[in-house]
2 protein chains.
Amino acid sequence: MSSVSRVLSDHPDVSPKLRARVLEAVVQLGYEPDYLAQSLRRGATLSVGFVMADISNPLMAEIASGAEAVFQEAGYSMVLMNAHNEERLESSHIRFLTTRRVDGMLLSLSSESSRPTQRLLTRLDVPYVLIERELPPRFQAPSVVSDHRSGIRTAVSELIELGHRRFGLLTGSLDIRSGRERLAGMREALEIHGLDAGDGIAVSIGLSPANGERATEDLLDLPTPPTAIIAGGNQLLVGTLRALAKRNLKVGEDIALVAVDEVPITEFHSPPIAVVARDSTGLGRAAAELLLQRMRGEPSAGTVVLPTTFVWRPSCSPPRVQPVT
Amino acid sequence: MSSVSRVLSDHPDVSPKLRARVLEAVVQLGYEPDYLAQSLRRGATLSVGFVMADISNPLMAEIASGAEAVFQEAGYSMVLMNAHNEERLESSHIRFLTTRRVDGMLLSLSSESSRPTQRLLTRLDVPYVLIERELPPRFQAPSVVSDHRSGIRTAVSELIELGHRRFGLLTGSLDIRSGRERLAGMREALEIHGLDAGDGIAVSIGLSPANGERATEDLLDLPTPPTAIIAGGNQLLVGTLRALAKRNLKVGEDIALVAVDEVPITEFHSPPIAVVARDSTGLGRAAAELLLQRMRGEPSAGTVVLPTTFVWRPSCSPPRVQPVT
């Protein structure tokens, strides 16, 4: 590294042979020598870290692939660390990446209000970009997010037009932007159609199949249970499907179902399951591009919002009994 | 790091205050001081790297979680790097982890015969453990693998007993141990039951939905197509299901199907899909334990083999037309 730096900064103490070898490598790798020289002089390591809330969410793999393609193109190595949805592990990972001197970080935090993580981010001396998260305004944290609100608003509006009047929404923690936005989307749809906010019952739980199963059963046990369920997480969906099977309720006949995110079960379930889809690879790409801009000190956006799409499928059936309207 | 090392090696040039602080941290973190002192004197970084062939395989997340739990317990940080099934990227990741001086590596290589990777491994000065891979004997490479052979042998034997006589097996590359072992498992079942080896048609392809779809269509287009398909990879399964849907063939009626690995679609497909399951979390745990032993210079196993289980489900139906036997 120091040889490269000396060559690129025209240091006198460099042999002609070393200079030739370094410059050849620079050309072969296709770096812009100005940027590379600058970076290396600053002590850059040409590496970035990506702290994932939970590697077992298949969306994470797509986000990571999108980001990695951009970083590779720019000559950066990306290392991933999995926080297992544990705040303690998350701040330990951020500290680890700091000591290993990555040039920047992508963060899909497991909580937006963790004090230890917030304290670390205040002191962080490399740029970072949040993915699907937002921090209080004082952080001025750049982020790339999906427009979950409009996706869920469209889905619930479609369900209302099919005749549904009572909705159950499973969200992840409301401590995370996507949970709050999905809830806001349902409420907006109810309001637009002149329904009562109380007809949209939201259950905020950790994103796991077991939580999804229990929450779905709780919804079904209500005196007036919802006729349509929105599973706001692909791990929650697994639990919802288990609960519906246990109760012998047929998706798309006895109960309407909308999921979020395209995963293999939404396509292969019979009937196929409607989804609010996001552009996961695009999220990764956009986050990597934003981080590169920040690392280069270029002017860059604060928040990038990517659209979501509601994909209708036969799981969105009318309610079994049409309510009196 | 050097302060800690000086304290633990009783270096004279250490203030009593620093000594107290370091020892307190050592106790709080629960390290065995002897091992920690030794490691730090050797220049250990208390970090390990895990190079994954493909992060989009959901099994990888389970393997990584299993490994991380063990490393965390032992005080190590684990960083992941995704090779995207590209040999070039894989060797670049191994080089990167070497320069960042991890203390050891877990490797789920995308190919067992890549020359650049093999050359790197010959020169590697930290221990490594392969996951679901094997290298030529001269490497004496420690590895943790699943017994795919016996799982597939059991599955094909059950299908033979149901009346099937012609089988299509989609394997990943035969350049990877699991592909070869699955093929051997099918051949052993055919032999045990006195069938011709030619009645088990193996198609070796890269692990992607598109490849799985094309290969399944090729099998169905044979003059005497198989009556049972074994999708030897959870990504191939997605493609197989697409091809069967396109041809309007009902799983468990028109064609029997066995998958490998428990993923949400195998449970929620109707009918549910039989699988040869492996212990993915256990693979990660065993690999991490083996790597820790190697890093500590303790005596350790060469190869650890974990069992697989055949889980019967209704996708395993008898053939539509019973062949004359």
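Coordinates for the structure precede this section.
Looking now at the overall build of chain A. Across its full length, chain A holds twelve helices and twelve strands. Residues classed as buried in chain A amount to 56% of the 325 residues present. Counting contacts in chain A only where the partners sit at least 6 residues apart, residues at least 24 apart contribute 70% of the total. By element, 51% of the accessible surface of chain A is carried by carbon and sulfur atoms, the whole surface being about 13,900 Å².

Turning next to a positive patch on the surface. Residue and element names in this part refer to chain A. On the surface, a cluster of positive charge is made up of Arg95, Arg115, Arg119, Arg123 and Arg138. Sort the elements by how many residues they give to the positive patch and helix H6 (residues 115-123) lands first, with three residues. Looking at the element boundaries, Arg119 is found in helix H6. For Arg119, a relative accessible area of 51% puts it in the exposed group.

A word on the relation of the copies chain A and chain B. The relation between the two copies of this chain is a rotation about an axis and a shift parallel to it. You can overlay chain A on chain B at an RMSD of 0.1 Å; the transform is a turn of 180° with a shift of 0.0 Å along its axis. The symmetry that links the two subunits is that of a two-fold axis. Of the residues that chain A buries at the interface, 100% are likewise interface residues in chain B, meaning the two copies contact each other through the same surface.

With that settled, consider the pattern of salt bridges. Enumeration over the complete set of coordinates arrives at 36 salt bridges over all chains. Residue Asp254 of chain B is joined to Arg320 of chain B by a salt bridge in which the shortest nitrogen-to-oxygen separation is 2.8 Å. With Asp254 of chain B in the loop between helix H10 (234-246) and strand E9 (256-260) and Arg320 of chain B in the segment after strand E12 (308-311), the pair connects residues that are 66 residues apart, well separated along the chain. What makes Asp254 of chain B partly exposed here is its relative accessible area of 26%. Sharing partners across several salt bridges, the network here consists of Glu112, Glu134, Arg149, Arg153, Arg177, Arg180, Glu181 and Glu188 of chain A.

Right, let's get into the layout of surface pockets. Of the volumes computed, that of the second largest pocket is approximately 1,100 Å³. Pro58 and Pro264 of chain A together with Pro58, Val263 and Pro264 of chain B are, among the 41 residues lining the second largest pocket, the residues nearest its centre. Mapped onto the lining of the second largest pocket, the elements with two or more residues apiece are helix H4 (58-73), helix H10 (234-246) and helix H11 (264-268) of chain A together with helix H4 (58-73), H10, helix H11 (264-268) and strand E10 (274-278) of chain B. For the lining of the second largest pocket, the class distribution of residues is 20 nonpolar, nine polar and twelve charged.

Before going further, it helps to examine the pairing of strand E7 (residues 200-204) of chain B. Residues and elements named next belong to chain B. Looking at chain direction, strand E6 (residues 167-171) and E7 are connected through five bridges and run parallel. Bridged to Gly168 within E7 is Ile201. Once the chain exits E6 it traverses helix H8 (residues 177-192) before rejoining the sheet at E7, and the crossover so formed is right-handed.

In this section: the interface of chain A and chain B. Counting residues at the interface gives 32 residues for chain A and 32 residues for chain B. Together chain A and chain B conceal approximately 2,800 Å² of surface at their shared face, both sides included; 61% is due to carbon and sulfur atoms. Interface area lost by chain A to chain B is led by Ile55, Arg100 and Phe268 of chain A, which between them contribute 23%. Linking chain A with chain B are two salt bridges, by the criterion used here. A salt bridge links Glu267 of chain B to Arg242 of chain A; the shortest N-O distance between them is 2.8 Å. Of all the secondary-structure elements, those providing two or more residues to the side of chain A that touches chain B are strand E1 (47-52), H4, strand E2 (77-82), helix H5 (87-99), H10 and H11 of chain A.

What follows deals with the sheet that holds strand E9 (residues 256-260) of chain A. Residue and element names in this part refer to chain A. If you walk across this open sheet you meet the six strands as E7-E6-E8-E9-E10-E12, and the pairing is mixed. The open sheet has two edge strands, strand E7 (200-204) and strand E12 (308-311), and neither has a second partner. Each strand axis lies, on average, 15° off the axis of its neighbour in the sheet, ignoring direction. Bridge analysis of strand E10 (residues 274-278) against E12 gives four bridges, and the strand direction is antiparallel. In the strand pairing of E12, Arg278 is matched with Thr308. Its contacts with the sheet put helix H9 (residues 209-220) on strand E6 (167-171), E7 and strand E8 (228-231), and the angle it makes with E6 is roughly 160°.

Quick look at H10 of chain A now. All names here are of chain A. Spanning 13 residues, H10 covers 19 Å between terminal C-alpha atoms, matching the ideal 18 Å at 1.5 Å per step. Across the 13 residues that make up H10, a large majority, ten, are buried. Buried residues of H10: Asn234, Gln235, Leu236, Leu237, Val238, Gly239, Thr240, Leu241, Ala243 and Leu244, and no others. Once H10 finishes, Asn248 follows within two positions and takes phi at roughly 60°, a positive value.

The angle between the axes and the distance between the axes are what describe a pair of packed helices. All names here are of chain A. In the contact formed by H5 and H6, the axes pass within 8 Å of each other and the chain directions differ by 15°. On the basis of the axis angle, H5 is roughly parallel to H6. Between H5 and H6 lies a crossing whose hand is left-handed. Each of Glu87, Glu90, Ser91, Ile94 and Arg95 in H5 lies in contact with H6, whose residues at this interface are Pro116, Thr117, Leu120 and Leu121.

Phe50 and Phe71 of chain A together with Phe50 and Phe71 of chain B are the most contacted members of the largest nonpolar core, which has 58 residues in total. The residues touching Phe50 of chain A, leaving out its near neighbours within four places in the chain, are Met60, Ile63, Ala64, Met78, Val79, Leu80, Met81, Leu106, Ser108 and Ile131 of chain A. Listed in part, the 48 residues of the second largest apolar core include Ile205 and Val275 of chain A together with Leu59 and Leu237 of chain B.

We now examine the sheet that holds E12 of chain B. Residue and element names in this part refer to chain B. Overall, mixed pairing links the six strands, which are arranged E7-E6-E8-E9-E10-E12 in an open sheet. Across the chains shown, the open sheet's two edge strands, defined by having one partner strand only, are E7 and E12. Sheet twist, expressed as the average angle between the axes of neighbouring strands with direction ignored, equals 15°. In this sheet, E10 lies alongside E9 in parallel orientation, the contact comprising three bridges. Bridging from a neighbouring strand, Ala259 pairs with Val275 of E10. Across the sheet, helix H9 (residues 209-220) is in contact with E6, E7 and strand E8 (228-231); its angle to E6 comes to roughly 160°. Relative to E9, H10 is tilted by about 160°, and along the sheet it contacts E6, E8 and E9.

Now for the side chain of His164 of chain A. All names here are of chain A. Tracing the sequence through the fold places His164 in the loop between helix H7 (148-162) and E6. Using a relative accessible area of 1% as the deciding quantity, one classes His164 as buried. A polar side-chain atom of His164 sits 2.7 Å from the main-chain carbonyl oxygen of Ser317.

The rules behind each value
Residues numbered from 1 in each chain as written. Chains lettered and ligands numbered in written order. Predicted model: local features only at pLDDT ≥ 70, side-chain atom pairs only at ≥ 80, totals over all residues. Heavy atoms only, no water. Helix = DSSP H or I, 4+ residues; strand = E, 2+ residues; numbered from the N terminus. Buried < 20%, exposed > 50% of the residue type's maximum accessible area, 1.4 Å probe, protein only. Contact = heavy atoms within 4.5 Å. Areas by Shrake-Rupley, 256 points an atom, 1.4 Å probe, with all protein chains shown as cover. Patch = residues over 30% accessible without salt bridge, like charges linked within 9 Å, V, L, I, M, F, W, Y side chains within 5 Å. Salt bridge = Lys/Arg side-chain N within 4 Å of Asp/Glu carboxyl O. Lys, Arg positive; Asp, Glu negative; His and termini not counted. Charge placed at Lys NZ, Arg CZ, Asp CG, Glu CD. Least-squares fit on C-alpha atoms with pLDDT ≥ 70 in both. 1 Å grid on protein atoms, 1.4 Å probe; cavity = no way out; pocket = protein on both sides within 12 Å on 5 of 7 lines; lining within 4 Å. Points joined across faces, edges and corners; volume = space filled by probe spheres on them. Nonpolar A, V, L, I, M, F, W, Y, C, P; charged D, E, K, R; others polar. Pairing = 2+ DSSP bridges. Right-handed = clockwise from strand over helix to strand, strands pointing away. Buried area = accessible area lost by both parts, 1.4 Å probe. Axes fitted to C-alpha atoms, helices over the stretch in contact; angles between N-to-C directions. Expected span 1.5 Å × (residues − 1). Parallel < 35°, antiparallel > 145°, perpendicular 65-115°, else oblique. Left-handed = near helix turned anticlockwise from the far one by under 90°. Core = buried A, V, L, I, M, F, W, Y, C linked by side-chain atoms within 4.5 Å. Polar contact = N/O pair within 3.5 Å; in protein donor to acceptor, adjacent residues only side chain to side chain.

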